[in-house]
Amino acid sequence: MDSEQCWSMLELSTKLYLTGDTKYKREIGKEVLEVYGHYHPEEFEEFFNVRFLLSLLQEGYGPLGKRSHYVLDYIQLGLQFVLESPSANSIFSLLRIEVLRKVCERPSPKQCAKISKLLTQHPQCIPTGKHQLLFCQQLIRCIGQFQCVSEGEEEIMEFLEQVNKVSGLLQRIWRTQTSAILPSLKELFTIISSTEEQEAPSNALASVVQFVPLELMDGVIRNLTNDDSITDVQMMMAIGRMIDWVSWPLGKNIDKWIIALLKGLAAVKKFSILIEVTLSKIEKVFSKLLYPIVREGALSVLQYMLLSFQHSHEAFHLLLPHIPRLVASLKKEDSNSATSSLEQLAELIHCMFFRFSGFPDLYEPVLEAVKALPIPNEDRIKHLLGQNAWTSQKNELACFYPRLASKSETGKIGLINLGNTCYMNSIIQSLFMASDFRHSVLNLTEGNSQPLMTKLQWLFAFLEHSQRPAISPESFLSASWPPWFTPGAQQDCSEYLKYLLDRLHEEEKTGKRIYQKLKESSLTSQAVEHHYLNKTLIEKMFGGKMMTKIRCLKCLNVSSREEVFTDLSLAFPPSDRNVHGSTHILPVEEIGPQFIEPPENAGQLMGSPWIQRKAPMASDHAAPSMSVETLGSQEQGETANPMRGNGVGVDAAKDPLSTFREQACAPKDSRSVPDLINYFLSPERLTAENKYHCEKCASLQDAEKVAELTEGPHYLILTLLRFSFDPRTMKRKKILDNVSIPVVLKLPILVAPEETEEVCQHGKDGAVPGSGFMTVVYDLCSVVVHSGISSESGHYYCYSRECTDTVPQGQPQDGEPKPASDKQLDLEIQWYLFNDTRVSFSSFESVSNVTSFFPKDTAYVLFYRQRPERQSCLLHEALAEAGRLHGEPSLHKDLMEAISKDNILFLQEQEKEARNRAAYISALPKSPLWWRDLDRDKDDDSSSGGCSPAAGGGGSGSFHGLVF
């Protein structure tokens with residue numbers, strides 16, 4: 001075709017596209033335009049010129065009174081074929097001016113959405129400089145006038161989509177030009193605070209706020225609430241209209257902005273505005289709980305409005321007639337959202353009952369409606385009321401800033417890494433979460449002559465009561481630093497733990513000796529004498545005893561030595577290990593995470609608790625062997641399966657040799673903590689270079705060495721010996737084998753015969769009459785994880801939980817333990833992940849799977865807590881004292897004052913940091929016409945952009961009930 005023919009076809013297709021009376025004609029016009037734009041670019045560029053576009057935009061197309069509505073779609077279609085043409089810049093310049101003019105004419109939502117679509121696809125057409133600021137402001141003015149004219153669901157959905165496109169364009173501009181955010185917010189506040197508007201601005205303005213970075217909230221709210229040029233009437237109008245925004249289904253963070261402004265007004269004591277707004281809007285907010293799509297935000301706002309309105313029952317009583325109907329509706333809905341909201345609503349109602357008692361006639365229908373829902377305890381109620389009171393808003397904005405939050409959502413506090421000190425941080429957090437030990441440390445009196453323990457007490461007190469998200473353990477680090485550690489280098493956390501416990505133990509022993517000398521000088525009372533002559537705290541909490549026996553295989557003489565330990569170092573058995581020789585095994589049981597019911601009588605454990613085998617010597621002669629007990633908790637009729645993780649059952653038909661071989665030689669990925677303990681307690685043959693010097697034979701002889709636990713510690717610490725020296729590389733290498741960790745562990749403890757009889761007489765289920773062994777049950781408390789491949793490098797973090805007694809300590813007369821309730825299940829105790837300054841919620845599943853997901857992250861140090869009802873008689877006194885330590889200890893005056901001063905200092909630091917981060921926000925001018933002073937607004941271009949343009953929450957509530 002020649003140019004004239006092309007021109008004619010372009011005119012025809014343009015007419016079809018812009019004025020076609022059917023969709024088919026417009027589609028034909030579009031296809032012809034695309035073909036000619038693609039195959040005849042020169043003719044298309046000549047046709048699609050600046051003058052033609054200007055006439056389209058200013059005069060329209062088509063007969064008067066029937067101008068085409070598709071001009072913007074037409075321009076968007078044609079732009080793609082002229083992007084590389086010489087006239088492109090002229091077209092872009094024209095469109096920058098024309099889109100601003102169009103927006104100033106307040107187009108309909110549909111036309112505004114078309115402008116946004118055009119500018120989103122071709123950002124070169126977005127106005128720049130001062131025109132860009134004006135464009136943003138005028139676009140917000142347009143949104144303020146949007147109204148949905150129909151109540152049909154399809155029309156409402158179309159309206160929401162149009163609003164989303166327009167607000168999405170604002171987000172795009174703000175991301176690339178952050179200096180446009182504040183002028184836009186000023187315009188927004190001018191609109192919603194206006195008292196002159198005949199018609200209330202559209203709730204679609206809520207869609208704008210969701211893209212404002214939360215980091216700006218502090219400065220914006222502070223300037224708003226402190227601006228004297230804003231009258232109370234304007235502020236009341238603005239906050240009232242913002243509260244109406246909870247109806248908007250596409251909003252995100254709307255509730256945070258509303259609550260922040262309410263808190264900001266409380267902080268500057270503008271209570272009259274808060275009272276008026278709460279009483280006028282609370283019923284409307286409450287009604288939005290019926291709609292799942294806006295329920296979450298509405299509930300957050302309702303909670304704050306009710307919990308903060310504590311001077312009068314008026315606001316709560318406004319809702320009383322509506323509560324039963326809402327509760328019935330939520331129960332009928334039967335969704336996760338409804339269930340969660342019901343529980344939160346019930347908690348809120350009980351807080352109000354607690355605060356405003358004395359209205360039984362009014363409260364009876366409400367109480368009847370929520371009677372089946374959980375009731376919060378008094379401490380929780382007091383916490384909620386105290387936290388949300390208008391008078392408690394000194395640090396009102398910190399909860400919305402991840403960097404400024406006073407604590408993590410867990411309520412726990414992290415520890416600052418002072419330069420490769422994660423090994424210390426993970427150990428301190430594990431000790432802190434050992435609640436019996438923590439309470440003992442916090443209960444220490446002043447002047448205890450234990451400087452290191454005093455520093456630990458201060459550190460624990462700050463971890464318990466500080467408002468900081470993380471504290472620095474610098475003082476404790478310098479006091480507990482092993483002298484051979486290299487500053488700034490990664491260290492072995494197990495080595496540090498041993499040194500720390502030893503230091504604390506020796507320090508207390510020294511203090512006892514000092515008081516012993518003072519006692520001899522008659523300077524101390526008998527009470528002080530009794531206190532200081534007991535075991536040290538470390539011995540009570542972590543001290544256990546172990547008997548090491550060595551038997552000469554020639555004369556069969558046995559020498560034994562008892563020694564104390566604070567941890568058991570568990571080596572990994574060789575993967576090809578076969579047990580030859582002695583087969584005296586002490587199986588350790590691994591129990592699933594449930595409450596353990598004891599057997600009905602001790603004899604149920606096994607028919608023959610003592611199993612004797614002969615240990616073959618180096619020669620063909622057989623020597624008699626020592627009998628060592630094997631324990632199990634096998635139920636009657638259950639088949640023993642040594643490969644299962646819930647214990648090793650041994651009976652007369654099951655050879656303990658094969659049992660242990662199956663455990664010790666299992667594949668690497670099936671190795672467990674009981675395997676390692678069994679290996680630790682299994683006999684060791686001393687031959688060749690390791691021969692034993694027998695005093696009776698007066699010479700080196702082959703011998704057999706075995707370890708037996710004679711006293712179980714209150715807290716059992718297990719160190720998995722993952723680091724071994726490699727003579728080839730002259731470095732310590734790490735064993736990366738995955739080890740399964742049982743949440744409950746049964747350990748055999750050797751006791752004297754008279755103690756065994758006493759235990760059995762008192763109904764203890766773990767003892768086997770005549771066997772010399774009893775079972776002690778331990779619950780997993782903490783797991784310190786090492787991430788890396790060498791002890792000289794990598795990172796430490798820990799999983800911990802608060803272990804408390806899972807069954808009542810008292811036993812009935814018949815010796816049977818009381819059954820545990822469902823709440824006592826081990827898995828219901830919350831786990832936490834402590835990773836230096838970061839503290840987060842976790843689970844036992846995460847603990848179990850960490851090595852599966854991250855092969856270099858392996859459990860290294862484990863803390864188990866002994867269940868008191870399974871304790872041996874030897875430990876009874878110490879554990880009874882430990883049990884009395886429960887309950888929140890009261891700190892001494894100096895420590896309380898230090899924590900209080902630091903908390904005040906922290907609040908001051910928070911305010912200062914928040915002001916520094918918001919320093920680039922200009923103070924709001926005294927005139928409501930803020931846009932006059934836009935030239936003075938300077939913003940940090942490196943600040944973060946808006947949130948993601950999510951389309952809002954889910955839910956399928958009726959659209960007709962929403963007010964747009």
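Residues numbered from 1 in each chain as written. Predicted model: local features only at pLDDT ≥ 70, side-chain atom pairs only at ≥ 80, totals over all residues. Heavy atoms only, no water.

Looking at an unreviewed UniProt entry, the protein carries the name Ubiquitin carboxyl-terminal hydrolase, with the source organism given as Junco hyemalis.

**Student:** Where do I start with the overall build of the protein in this structure?
**Tutor:** The secondary structure content of the protein amounts to 34 helices and 23 strands. Within the structure as shown, the protein displays about 44500 Å² of accessible surface, and the carbon and sulfur contribution to it stands at 52%. (Helix = DSSP H or I, 4+ residues; strand = E, 2+ residues; numbered from the N terminus. Areas by Shrake-Rupley, 256 points an atom, 1.4 Å probe, with all protein chains shown as cover.)

**Student:** It is not clear to me how helix α8 (residues 130–144) should be interpreted in this structure. Could you clarify?
**Tutor:** Residues that lie three or four places apart on an α-helix share one face, since the helix turns once every 3.6 residues. Taking 1.5 Å per residue, 15 residues should reach 21 Å; α8 reaches 21 Å between its end C-alpha atoms and fits that length. Taken together, the buried positions of α8 are occupied by Gln132, Leu133, Phe135, Cys136, Gln137, Gln138, Leu139, Ile140, Cys142, Ile143 and Gly144. Contacts from the buried residues of α8 go to α6 (88–104), α7 (109–121), α9 (153–176), α10 (181–193) and α11 (206–209). (Expected span 1.5 Å × (residues − 1). Buried < 20%, exposed > 50% of the residue type's maximum accessible area, 1.4 Å probe, protein only. Contact = heavy atoms within 4.5 Å.)

**Student:** Please clarify how the nonpolar core should be interpreted in this entry.
**Tutor:** Most often, soluble globular proteins have nonpolar side chains that are buried together. By size, the foremost hydrophobic cluster in this structure holds 133 residues, and its most contacted members are Leu79 and Leu302. For leucine 302, the contacting residues outside a window of four places in its chain are Ile282, Val285, Phe286, Leu289, Leu319, Leu345 and Leu348. (Core = buried A, V, L, I, M, F, W, Y, C linked by side-chain atoms within 4.5 Å.)

**Student:** Any chance you could explain the sheet that holds strand β3 (residues 544–552) here in plain terms?
**Tutor:** Strands pair in a sheet through their backbones, by hydrogen bonds, and they do so in one of two ways: parallel or antiparallel. Strand order in the open sheet formed by four strands is β4-β3-β14-β11, with antiparallel pairing between adjacent strands. This sheet does not close on itself; its edge strands, each paired only once, are β4 (558–565) and β11 (684–686). Adjacent strand axes in the sheet meet at a mean angle of 30°, parallel and antiparallel pairs treated alike. The pairing of β11 with strand β14 (residues 703–711) spans three bridges and is antiparallel. Residue pairing in the sheet places arginine 685 in a bridge with glutamate 704 of β14. (Pairing = 2+ DSSP bridges. Axes fitted to C-alpha atoms, helices over the stretch in contact; angles between N-to-C directions.)

**Student:** Got a minute to help me understand α7 in this structure?
**Tutor:** Between its first and last C-alpha, α7 extends 18 Å over 13 residues, near the 18 Å set by a 1.5 Å rise per residue. If you follow the buried residues of α7, they end up packed against α5 (71–79), α6, α8 and α9.

**Student:** Would you mind showing me how to read the pairing of strand β23 (residues 857–866) here?
**Tutor:** Every regular strand shows the same layout, with side chains that alternate between the two sheet faces. For β23, a buried count of 10 out of 10 residues is recorded, marking the element as mostly surrounded by other parts of the structure. Where strand β15 (residues 715–720) and β23 come together, five bridges link them in antiparallel fashion. Along β23, the bridge assignment pairs leucine 716 with tyrosine 864. For strand β19 (residues 773–787) and β23, the ladder comprises nine bridges, and the chain directions are antiparallel. Looking across to β23, one finds that leucine 780 is bridged to tyrosine 864.

**Student:** What's the story with the packing of aromatic side chains in this structure? I'm lost.
**Tutor:** According to the stated counting rule, one finds 26 aromatic pairs in the structure shown. Ring centres of phenylalanine 316 and phenylalanine 353 lie 6.0 Å apart, and the angle between their planes is 70°; on these two criteria the pair is classed as edge-to-face. Here phenylalanine 353 lies in helix α19 (residues 336–355) and phenylalanine 316 lies in helix α17 (residues 314–319), a separation of 37 residues in the sequence. Per residue, the accessibility class of phenylalanine 316 equals that of phenylalanine 353, and both read buried. For the pair tyrosine 832 and phenylalanine 841, a centre-to-centre distance of 5.7 Å together with 35° between the ring planes defines the contact as tilted. Among the residues examined, tyrosine 832 registers a relative accessible area of 11% and is labelled buried. For phenylalanine 841, a relative accessible area of 40% corresponds to the partly exposed category. (Phe/Tyr/Trp six-rings, centres within 6.5 Å; stacked < 30°, edge-to-face > 60°.)

**Student:** Teacher, can you tell me more about the layout of surface pockets here?
**Tutor:** In this approach, a probe sized like a water molecule rolls over the atoms, and the result shows the empty space that is left. In this structure, the second largest pocket spans a volume of roughly 630 Å³. Forming the boundary of the second largest pocket are 20 residues, of which Tyr17, Tyr70, Asp73, Lys114 and Lys117 lie nearest the centre. Elements with a contribution of two residues or more to the lining of the second largest pocket: α2 (23–39), α5, α7 and α9. (1 Å grid on protein atoms, 1.4 Å probe; cavity = no way out; pocket = protein on both sides within 12 Å on 5 of 7 lines; lining within 4 Å. Points joined across faces, edges and corners; volume = space filled by probe spheres on them.)

**Student:** Before we go on, may I ask you to explain the side chain of lysine 549 in this structure?
**Tutor:** Inspection of the secondary structure puts lysine 549 in strand β3. Overall, lysine 549 belongs to the buried group, its relative accessible area being 19%. Here glutamate 708 takes part through its side chain, which lies 3.0 Å from a polar atom of the side chain of lysine 549. (Polar contact = N/O pair within 3.5 Å; in protein donor to acceptor, adjacent residues only side chain to side chain.)

**Student:** What exactly am I supposed to notice about the pattern of salt bridges here?
**Tutor:** A side chain with one charge can pair with a side chain of the opposite charge if their charged atoms come near. This structure, assessed with the given rule, holds 24 salt bridges. Ionic pairing is found between aspartate 244 and lysine 281, a salt bridge with its closest N-O pair at 3.0 Å. In this pair, aspartate 244 is assigned in helix α13 (residues 232–244) and lysine 281 in helix α15 (residues 271–287), connecting sequence segments 37 residues apart. Across this residue pair, the class does not change: aspartate 244 and lysine 281 are buried. One salt bridge in this structure joins arginine 438 and glutamate 802, with 3.3 Å as the shortest N-O distance. One end of the pair, arginine 438, is in helix α23 (residues 435–442); the other, glutamate 802, is in the loop between β20 (795–801) and β21 (831–835), with 364 residues separating them in the sequence. (Salt bridge = Lys/Arg side-chain N within 4 Å of Asp/Glu carboxyl O.)

**Student:** How should I be thinking about the pairing of strand β16 (residues 723–726) in this particular structure?
**Tutor:** Across four bridges, the pairing between β16 and strand β17 (residues 731–734) is antiparallel. When the sheet's bridge partners are listed, phenylalanine 723 is paired in β17 with lysine 734. Here β16 folds back onto β17 in antiparallel fashion, the turn holding four residues, of which methionine 730 has a positive phi close to 60°.

**Student:** How should the environment of glycine 543 be read in this particular structure?
**Tutor:** Following the sequence through the fold, glycine 543 ends up in the loop between α28 (537–542) and β3. Judged by relative accessible area, glycine 543 falls into the buried class, the value being 13%. Along the backbone, glycine 543 and glutamate 711 are 168 residues apart, and their C-alpha atoms lie at a distance of 8.4 Å.

**Student:** I'm lost on the packing of helix α4 (residues 50–59) against α5 in this one. Help?
**Tutor:** Packed helices, taken two at a time, are described by the angle between their axes plus the distance between the axes. Taken N-terminus to C-terminus, the directions of α4 and α5 make an angle of 155°; their axes are 10 Å apart at the nearest point. Looking at the two axes, α4 sits roughly antiparallel to α5. Crossing of α4 against α5: the hand is left-handed. Taken together, the residues of α5 that come into contact with α4 (itself represented by Phe52, Leu53, Leu56 and Leu57) are Val71, Leu72, Tyr74 and Ile75. (Parallel < 35°, antiparallel > 145°, perpendicular 65-115°, else oblique. Left-handed = near helix turned anticlockwise from the far one by under 90°.)

**Student:** Just to check I follow, could you spell out unusual backbone geometry for this structure?
**Tutor:** Only a minority of non-glycine residues have a phi that is not negative, and only a minority of peptide bonds are not trans. Its identity as a non-glycine residue notwithstanding, leucine 556 has a phi of 65°, on the positive side. In this fold, leucine 556 is placed in the loop between β3 and β4. Phi angles above zero are rare outside glycine, and alanine 688 is one such case at about 55°. Within the secondary structure layout, alanine 688 lies in the loop between β11 and β12 (692–694).

**Student:** Would you mind showing me how to read the environment of proline 109 here?
**Tutor:** Summarising the element assignment, proline 109 is placed in helix α7. Judged by relative accessible area, which is 15%, proline 109 ranks as buried. Sequence-wise, proline 109 and valine 163 are 54 residues apart; in three dimensions their C-alpha atoms are separated by 6.9 Å.

**Student:** Hey, could you run me through the confidence of the model for the protein in this one?
**Tutor:** Caution applies to low-pLDDT regions: their predicted coordinates should not be interpreted in detail. When pLDDT is averaged along the protein, the result is 75; 72% of the residues meet or exceed 70. The secondary structure element of the protein with the lowest average pLDDT is strand β7 (residues 610–611), at 29, and the one with the highest is helix α22 (residues 422–433), at 95. Counted against residues more than four places away or in other chains, residues 578–586, with its pLDDT under 50, gives 33 contacts. Across residues 870–888, where pLDDT falls below 50, the model places 40 contacts with residues more than four positions away in sequence or in other chains. (pLDDT = per-residue confidence, 0-100.)

**Student:** It is not clear to me how the side chain of serine 179 should be interpreted in this structure. Could you clarify?
**Tutor:** Checked against the element boundaries, serine 179 lands in the loop between α9 and α10. In terms of polar contacts, serine 179 uses its side chain to reach the side chain of glutamine 177, at 3.0 Å.

**Student:** Honestly, a negative patch on the surface in this entry has me stumped. Any pointers?
**Tutor:** A cluster of acidic side chains, namely Glu153, Glu154, Glu155, Glu158 and Glu161, defines a negative patch on the protein surface. In this fold, glutamate 158 is placed in helix α9. (Patch = residues over 30% accessible without salt bridge, like charges linked within 9 Å, V, L, I, M, F, W, Y side chains within 5 Å. Lys, Arg positive; Asp, Glu negative; His and termini not counted. Charge placed at Lys NZ, Arg CZ, Asp CG, Glu CD.)

**Student:** I tried to follow the packing of α13 against α15 on my own but got confused; where do I start?
**Tutor:** Two elements in contact, α13 and α15, have axes whose closest approach is 10 Å; the angle formed by their N-to-C orientations is 25°. By the angle class used here, α13 and α15 are roughly parallel. You can see that α13 and α15 cross each other, and the crossing is right-handed. Counted together, Asp232, Met235, Met236, Ile239, Gly240, Ile243 and Asp244 of α13 and Ser272, Ile273, Glu276, Val277, Lys281, Lys284 and Val285 of α15 form the full contact between these two elements.

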